[in-house]
Amino acid sequence: MTDNVPKHLYLIDGSAYIFRAFFGLPQMSRSDGTPTNAVMGFSSMILNLIEQTDADYIAVIFDAKRINFRNDIYPDYKGHRPDAPEELKPQFALIHEATAAFNLPCLQMEGFEADDLIATYAKQGAALGSKVTIVSSDKDLMQLVGNGVEMWDPMKNRVIETDGVFEKFGVGPEKVVDVQALAGDSTDNVPGVPGIGIKTAAQLINEYGDLDTLLERAGEIKQNKRRENLIEFAEQARISRQLVLLKDDVPVEVPLDQLKRQDMDPAQVIEFFTKMEFKRLIARVSGAGAAPAVGLQGADNAGAEPAAPPEQDYELVQDVDRLKAWIAEAEDTHVVAVDTETTGLDSVQAGLVGICLSTRPGRACYIPLAHKNPDASGDLLGGGEEADELKQIPMDQALSLLKPLLENPAVLKVGQNLKYDISILARQGINLHPIDDTMLLSFVLDGGSHGHGMDELAELHLGHQTMKFSDVAGKGKTQITFDLVPLDKALAYAAEDADITLRLYQKLKPRLVQDRMTSVYETIERPLASVLSGMERNGIAVDPTALKTMSDEFARRISDLELEIHDFAGGPFNVGSPKQLGEILFDKLGLKGGKKTKSGSYSTDSGVLEPLAVENPIVARVLDWRSLSKLKSTYTDSLMGQINPETGRVHTSYSMVGAQTGRLSSTEPNLQNIPIRTAEGRRIREAFVSTKGNKLISLDYSQIELRLVAEIADMPTLKEAFQQGLDIHAMTASEVFGVPLADMDPETRRKAKAINFGIIYGISGFGLANQIGVSRTEAQDFIKQYFERFPGIRTFMDETILGCRDNGFVETLFGRRIHLSGINDKNPMRRNYAERQAINAPIQGTAADIIKRAMIRIPSALEKAGLSDVRMLLQVHDELIFEAPGALVDRTIETVRGVMMGAAEPTRVLSVPLEVEAGAANNWREAH
């Protein structure tokens, strides 16, 4: 194949997905009342698909209007179908907008159905020798299967090939149309022949060979009624064949070569999800959410062992005597579940509203501390009591009574996502410890198998559906904060949280020993929660003046670029309008390469414009304009809004379960996504600053994943290179390409660097070719030479995949298990993706374990070194950021570097040394 030919063409049946999403999810709406359940389900499914596929060409295809050429053949075609539900109609346009947000081609054509476009593109792809996957379970598409074309039903997670078609229709794909012509389809109002269903039709076609032969010999049929119907309705069968036969020569408006896959822009997707108010999907895209992807088939409780729920004994604690009784009970049991209720999700700003405790399954209490009357006529107590009788223990008094319990080392405090509660209580002067966290227990035991939120865990392990926050606080614009929730509802909701958490703890904690995961939990995850809580509360100073200066500068440059673009164009126009831009570039200026979309407008996406930028200054300016506009809106402007007004700092929130490999992720802001590849992007880090008299210190593991590849794959040559401090990329280039180190040129080294890092992520010849600008054949030869020179890496890959197939998981050097359910999938696409994950996960996961181990040890090391004024602020990938008084910078670097370099010991002594690069300055960019 040439570079212009798809290796794998992915055709997504968008219309089918709309209805699956709509009917598969409960009704939900945006705060303005716009229905969104279909958009939500569709977005989640598309996100799943693009995360899992290795396709290099991809499109989402929709039906246009219901009327098409088949109605000319048979006016009543699909005539019995009801109109779309009223709640679905406003969502069609939003779903198209979602597709565009994912940077995917969104295709439809008047006069044709989506299936016809799919048939046309599938035929074109197959003719080029491409693998074609149709993402759908629609039986009408099964006639296309074969000759390089397969179907994949992601709902059932199965590939449909020739055998699957035969299972459905009793014939091979080439005879599906004849069977459908006989059987008809009541859903689409395809008449067929009365009295003949799929099974009978298949028997007849298998016996007579095809529809025409059957109809010609219908008089031979022995069964009277069947014979009569075949003779009488022969023409109706022929018409039905025209209706079900997919048109594979549609004059498509978007040629196949324009379906080349474009990378998803997370910021663009998050912008759309923010508009739609999809908080869980925002967290998922940003890498911060523990919530699972939206499912459309109901909860999967396989493996759950539902037990009869214990008798519910929930108490509202409103006086000191009852609070003292609960504290005594907790001290007697030595294990108590704890949960805080607050006014929001930001642990640095949310106000404490109440605390709940549970001492045994079914027994829990809620201690309201800061509830208030919504208005004079409100009824917070429920049960008809007057609002002015609201009774609560004064917060200071309640906390002073609770503090000894919550800090008692002899009483274990159990919670779900306790990092949040640690932060809330720390602001009240309470050091919550010791702790056990059910979210972290689940993550250590089953990371990669499912989500780890309490609702999902309760259903999975207890067979229990929990109350939702919206059940007590409402939704959208009418949603209230928890301090306004009536106390009877607050009790039911909050006490259940503590109760369920304790029950989950009793179910999950014993598995640590059974699954031999105690070390990972006790030495990495559990102690890290308190460390991260402290970092979140520390935050990092951000200079609003610097952000404003950058934003203003970007605005001026955007304006200047706009004027230049207008000069090149010969007049003003809206540069942000793809339609106007396309008309200027391809009609007025006559640039070559313009291609119109189905709407009649020219495509002006980056894939179209970038090749034109080299020779056309106006296009180069447009791309610069877009880049700066994005930086301004996504970073310099939005970061100003994320500065805490009380602290003047940005307080990111870390997710401990957001990545199955164990890596941390962050949100609000997502610091991992701050762009550093362009000069303008790197400038964003200049706004993250030290306070007066202090410096920011950056300590970053150098090439840690490559070092771990050498270690885990046991590659002597690479180990030796790291031990001797050689330039690893130059050494690799010398080994693979046979170029002496003394004669190494930058281009050859760059290719070796791409291979070194690409191997970790299971890069293909196609992917490497795109990265380094060579043919696929050359790229594949480079990879082959790499494996020949370093056979240990191939052995490691093969053994890792085989082990994962047997066990269902891979392990880091420290014993963390990363479950990969797709490793034995029958679908080669999903299986190949899981294989790439299996290779990378032990490396990335070990790197994550190492930096976490370092973070846990650093606070005590700083205190021991007399550096208690030093604060650890951020963790971003393999980098830690500190703030220290200027006079303590050198000692801080020496102390922290020593901890980081020895973080693998004594559990694991590496033969490859860990190196840490350090720098200090007044802002993050200069420190790094």
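As a reminder, the structure under discussion sits directly above these lines.
First, a word on what this report is: a plain description of the structure on this page. A quick note: this is a predicted structure, and the numbers were derived from the prediction, not measured.

## Quick word on the overall build of the chain
Check the secondary structure of the chain and you find 36 helices and 23 strands. Against the globule reference of 30 Å for 928 residues, the chain gives a C-alpha radius of gyration of 31 Å, in line with a compact fold. When its C-alpha atoms are laid out on the principal axes, the chain stretches across 95 × 85 × 60 Å. The buried share of the chain, reckoned over its 928 residues, is 53%. Summarising the internal contacts of the chain: among those between residues at least 6 apart in sequence, 69% fall at separations of at least 24. When the accessible surface of the chain is totalled, it reaches about 39500 Å², and 49% of it is carbon and sulfur. For the chain, the distance from the average site of its 99 positive side-chain charges to the average site of its 131 negative ones is 2 Å.

## Focus on the state of the cysteines
Taken as a whole and assessed by the stated rule, the structure comprises zero disulfides. Cys365 supplies the cysteine sulfur nearest to Cys356, a cysteine that is in no disulfide, at a spacing of 7.8 Å. The class of Cys356 is buried, set by a relative accessible area of 0%.

## Topic: the sheet that holds strand S10 (residues 363-368)
Backbone-to-backbone hydrogen bonds join strands into a sheet, with any given pair of strands oriented parallel or antiparallel. Taken together, six strands build an open sheet; the order of strands is S7-S10-S9-S8-S11-S12 and the sheet is mixed. Because the sheet does not close on itself, it has two edges, and the strands there are strand S7 (313-316) and strand S12 (435-437). This sheet shows a mean twist of 25° between the axes of neighbouring strands, independent of strand direction. Sheet analysis places strand S8 (residues 335-342) next to strand S9 (residues 352-360), joined by six bridges and oriented antiparallel. Within the sheet, the bridge partner assigned to Ala337 lies in S9 and is Ser358. Set on the sheet, helix H17 (residues 438-446) makes contact with strand S11 (412-415) and S12; between it and S12 the angle comes to about 55°.

## Let's talk about the environment of Leu508
When you line up the elements, Leu508 lands in helix H20 (residues 487-514). With a relative accessible area of 0%, Leu508 lands in the buried category. Along the sequence, Leu508 and His877 sit 369 residues apart, while their C-alpha atoms lie 29 Å from each other. The contacts of Leu508, once residues within four sequence positions are left out, are Thr438, Leu441, Ser442, Leu445 and His461.

## A word on the nonpolar core
Within soluble globular proteins, side chains that are nonpolar generally end up buried alongside one another. Counting 179 residues, the largest nonpolar core has Tyr701, Tyr786, Ile793, Met855 and Phe882 as its most contacted members. Once you skip the residues sitting within four places of it in the chain, Tyr786 turns out to touch Met715, Leu718, Thr732, Val736, Ile755, Asn756, Ile759 and Ile793. In this structure, Ile134, Leu214, Ile221 and Ala237 belong to the second largest nonpolar core, which totals 52 residues.

## Thoughts on the packing of helix H29 (residues 728-737) against helix H32 (residues 776-789)
Between H29 and H32, whose axes approach to 9 Å, the crossing angle comes to 95°. Our classification of the angle between H29 and H32 gives roughly perpendicular. Together, Thr732, Glu735, Val736 and Phe737 of H29 and Phe782, Gln785, Tyr786 and Arg789 of H32 make up the contact between the two elements. Across the contact of H29 with H32, the residue classes tally to four nonpolar, two polar and two charged.

## Some words on the sheet that holds strand S13 (residues 540-542)
One open sheet holds the three strands; their spatial order is S14-S13-S17, and the pairing between them is antiparallel. Every other strand in the sheet has two partners, leaving strand S14 (649-650) and strand S17 (688-689) as the edge strands with one partner each. Two strands pair when backbone bridges link them, and S13 and S14 are joined in this way by two bridges, in the antiparallel orientation. Considered in S14, the bridge of Ala541 is made with Arg649.

## Looking at the pairing of strand S4 (residues 131-135)
By the criterion of burial, S4 is predominantly enclosed, with four of the five residues buried. With five bridges connecting them, strand S1 (residues 8-13) and S4 associate as parallel partners. Within S4, the residue paired with His8 across the bridge is Lys131.

## Observations regarding the environment of Gly170
Here Gly170 lies in the loop between helix H6 (162-169) and helix H7 (176-183). Along the chain, Gly170 and Ile198 lie 28 residues apart, while their C-alpha atoms are 8.0 Å from each other. Discounting chain neighbours no more than four positions away, the residues touching Gly170 are Val165, Ala202 and Asn206.

## Description of the pairing of S10
Here S10 lies mainly inside the structure; six of its six residues are buried. Sheet topology places S7 next to S10; four bridges connect them, and they run parallel. Each residue of the ladder has a partner; that of Tyr314, found in S10, is Ala364. With six bridges connecting them, S9 and S10 associate as antiparallel partners. Pairing of Leu357 across the sheet is with Cys365, part of S10. Taking the residues between adjacent antiparallel strands as the criterion, S9 and S10 are bridged by two residues, where Gly362 takes a positive phi near 90°.

## Brief notes about helix H14 (residues 320-333)
Across its 14 residues, H14 extends 20 Å between first and last C-alpha, which sits within 8% of the 20 Å expected from 1.5 Å per residue. Taken as a whole, H14 has its buried residues at Leu323, Trp326, Ile327 and Ala330. Down the axis of H14, the buried set is contained in an arc of 100°. They therefore lie on one face. Residues of H14 that are exposed and point over 90 degrees away from its buried face: Asp321 and Asp332.

## Focus on helix H28 (residues 716-723)
An α-helix turns once per 3.6 residues; consequently, residues spaced three or four apart project the same way. Among the residues of H28, Leu718, Lys719, Ala721 and Phe722 are the ones counted as buried. Buried residues of H28, viewed axially, fall in a sector of 160°; they line one side. On its buried face, H28 is in contact with helix H27 (704-712), H29 and H32. Positive phi shows up at Gly725, right after H28, with a value of about 70°.

## Description of the environment of Thr340
The residue Thr340 is located in strand S8 in this model. Put simply, Thr340 and Glu536 are 196 residues apart on the chain and 18 Å apart in space, counted from C-alpha to C-alpha. In this view, Thr340 contacts Leu352, Gly354, Ile355, Tyr420, Asp421, Ile424 and Leu425; residues no more than four positions away in its chain are not counted. Of note is the side chain of Thr340, whose polar atom sits 2.6 Å from the side chain of Asp421.

## Re the side chain of Asp849
Tracing the backbone shows Asp849 in helix H34 (residues 828-864). One polar contact links Asp849 to Thr812, side chain to side chain, over a distance of 2.8 Å. Look past the residues within four positions of Asp849 in its chain and what remains in contact with it is Ile524, Thr812, Phe814 and Arg816.

## Topic: the packing of H7 against helix H11 (residues 234-244)
How two helices sit against one another is set out by the angle between their axes and by the gap between those axes. Closest axis-to-axis distance for the H7/H11 pair is 8 Å, and the angle between their directions is 125°. Judged by the inter-axis angle, H7 sits oblique to H11. In this structure, the crossing between H7 and H11 has a hand that is right-handed. Contacts between H7 and H11 pair Val177, Asp178, Gln180 and Ala181 from the former with Ala237, Ser240, Arg241 and Val244 from the latter.

Cut-offs used in this document
- Residues numbered from 1 in each chain as written.
- Predicted model: local features only at pLDDT ≥ 70, side-chain atom pairs only at ≥ 80, totals over all residues.
- Heavy atoms only, no water.
- Helix = DSSP H or I, 4+ residues; strand = E, 2+ residues; numbered from the N terminus.
- Rg over C-alpha atoms; globule rule 2.2 N^0.38 Å.
- Buried < 20%, exposed > 50% of the residue type's maximum accessible area, 1.4 Å probe, protein only.
- Contact = heavy atoms within 4.5 Å.
- Areas by Shrake-Rupley, 256 points an atom, 1.4 Å probe, with all protein chains shown as cover.
- Lys, Arg positive; Asp, Glu negative; His and termini not counted.
- Charge placed at Lys NZ, Arg CZ, Asp CG, Glu CD.
- Disulfide = S-S within 2.5 Å.
- Pairing = 2+ DSSP bridges.
- Axes fitted to C-alpha atoms, helices over the stretch in contact; angles between N-to-C directions.
- Core = buried A, V, L, I, M, F, W, Y, C linked by side-chain atoms within 4.5 Å.
- Parallel < 35°, antiparallel > 145°, perpendicular 65-115°, else oblique.
- Nonpolar A, V, L, I, M, F, W, Y, C, P; charged D, E, K, R; others polar.
- Expected span 1.5 Å × (residues − 1).
- Arc of directions from axis to C-beta.
- Polar contact = N/O pair within 3.5 Å; in protein donor to acceptor, adjacent residues only side chain to side chain.
- Left-handed = near helix turned anticlockwise from the far one by under 90°.

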